[in-house]
Amino acid sequence: MKKIILSLCVAAGLFACTSEADKNAKIGAENMAFYTRVFDVAVNEGRTDIFDSAYVDDAVLHTVPEVKGKANCKAYYMNYVTGFSERQFIVKAMFADGDKLVKYWQFKGKHTGNFFGIPATGKTVDVIGCTIAKMKDGKIAEEQDFMDNMVFMQQLGLLPAAQ
């Protein structure tokens with residue numbers, strides 16, 4: 001009888017616990033849904049107020065120069081919203097493992113406003129890139145974007161097109 005009770009307790013414990021991989025998958029799925037919604041609302045809809053609750057207070061954008069703090073992260077991305085009309089931010093693929101995310105994306109828009117001090121050119125852009133992000137307690141803690149800045153500047157007409 002003791003063996004049966006012990007076996008039942010062990011079995012119940014095994015079914016009650018989820019593996020670390022299962023926990024990471026669940027957290028990753030929640031983070032991907034949150035992250036996708038934030039950028040859809042902020043960039044596609046132009047409602048950047050969502051950034052106020054999307055970032056941790058000491059968030060970091062690994063850019064040149066590095067951007068630190070929630071308010072500065074919001075201000076950084078506002079350049080895309082104020083600098084471009086007809087914006088489309090498309091998440092092509094996203095992968096997550098717990099609090100680590102990788103997002104493959106496409107950004108399209110027409111440069112009709114000031115963008116990081118660059119006056120409107122009226123040119124359209126269509127660039128692809130990748131973002132590596134870290135989440136903390138369901139909020140964005142760190143981001144690093146990778147894209148072909150030379151192609152981006154060529155599309156804006158700021159650099160000569162490749163020959």
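Just so you know, these numbers come straight off a predicted model, no measurement behind them. (Residues numbered from 1 in each chain as written. Predicted model: local features only at pLDDT ≥ 70, side-chain atom pairs only at ≥ 80, totals over all residues. Heavy atoms only, no water.)

Draft legend 1. The overall build of the chain, seen in detail. Looking only at helices and strands, the chain features five helices and six strands. What you see in the chain, going N to C, is helices and strands ordered as α-α-α-β-β-α-β-β-β-β-α. Each of the 163 residues in the chain was classed as buried or not, and the buried ones make up 33%. Here the contacts in the chain between residues at least 6 apart in sequence split such that 53% fall between residues at least 24 apart. (Helix = DSSP H or I, 4+ residues; strand = E, 2+ residues; numbered from the N terminus. Buried < 20%, exposed > 50% of the residue type's maximum accessible area, 1.4 Å probe, protein only. Contact = heavy atoms within 4.5 Å.)

Draft legend 2. A look at unusual backbone geometry. The step from Val64 to Pro65 runs through a cis peptide bond, and the omega angle for that step is -5°. Positive phi, normally seen in glycine, also occurs at Asp137, with a value near 55°. As for its placement among the helices and strands, Asp137 is situated in the loop between β5 (124-136) and β6 (139-147).

Draft legend 3. Up close: the pattern of salt bridges. For the structure shown, the criterion picks out five salt bridges. A salt bridge links Asp52 to Lys74; its shortest N-O distance comes to 3.2 Å. Here Asp52 is found in helix α3 (residues 51-54), whereas its partner Lys74 is found in helix α4 (residues 70-83), with 22 residues between them in sequence. Since its relative accessible area comes to 39%, Asp52 is described here as partly exposed. Note on Lys74: relative accessible area 18%, which makes it buried. Where Lys70 meets Asp57, a salt bridge forms, and the shortest distance between an N and an O atom there is 3.1 Å. (Salt bridge = Lys/Arg side-chain N within 4 Å of Asp/Glu carboxyl O.)

Draft legend 4. Main features of a nonpolar patch on the surface. Together, Phe95, Val102, Ile132 and Phe146 line one region of the surface with nonpolar side chains, adding up to about 370 Å² of accessible area. Position of Phe95 relative to the elements: it lies in strand β3 (residues 84-97). Residue Phe95 is classed as exposed on the basis of its relative accessible area, which comes to 57%. (Patch = residues over 30% accessible without salt bridge, like charges linked within 9 Å, V, L, I, M, F, W, Y side chains within 5 Å. Areas by Shrake-Rupley, 256 points an atom, 1.4 Å probe, with all protein chains shown as cover.)

Draft legend 5. Examining the sheet that holds strand β4 (residues 100-111) more closely. Strand order in the open sheet formed by six strands is β2-β1-β6-β5-β4-β3, and the pairing between neighbours is mixed. A strand with exactly one partner marks an edge of an open sheet, and here the two such strands are β2 (67-68) and β3. In this sheet, β6 lies alongside strand β1 (residues 55-61) in parallel orientation, the contact comprising three bridges. When the sheet's bridge partners are listed, Tyr55 is paired in β6 with Ile140. The sheet strands contacting helix α2 (residues 20-44) are β1, β3, β4, β5 and β6, and the helix crosses β3 at an angle near 175°. Contacts from α4 reach β1, β2, β3, β4 and β6, with the element oriented near 65° to β1. (Pairing = 2+ DSSP bridges. Axes fitted to C-alpha atoms, helices over the stretch in contact; angles between N-to-C directions.)

Draft legend 6. How the structure looks around the layout of surface pockets. Taken as a whole, the largest pocket encloses approximately 580 Å³ of empty space. The wall of the largest pocket is formed by 27 residues, among which Tyr76, Tyr80, Asp145, Met147 and Asn149 lie closest to the centre. If you list the elements that add at least two residues to the lining of the largest pocket, you get α2, α4, β4, β5, β6 and α5 (149-155). The dominant element in the lining of the largest pocket, judged by the number of residues it contributes, is β6, at four residues. The residue makeup of the lining of the largest pocket, split by class, is 20 nonpolar, four polar and three charged. (1 Å grid on protein atoms, 1.4 Å probe; cavity = no way out; pocket = protein on both sides within 12 Å on 5 of 7 lines; lining within 4 Å. Points joined across faces, edges and corners; volume = space filled by probe spheres on them. Nonpolar A, V, L, I, M, F, W, Y, C, P; charged D, E, K, R; others polar.)

Draft legend 7. The arrangement of the environment of Val127 in detail. If you trace the backbone, Val127 turns up in strand β5. Measuring from C-alpha to C-alpha, the distance between Val127 and Asp148 comes to 7.5 Å, with 21 residues separating the pair along the chain. Setting aside residues no more than four positions away along its own chain, Val127 makes contact with Trp105, Gln106, Phe107, Met147, Phe152 and Gln155.

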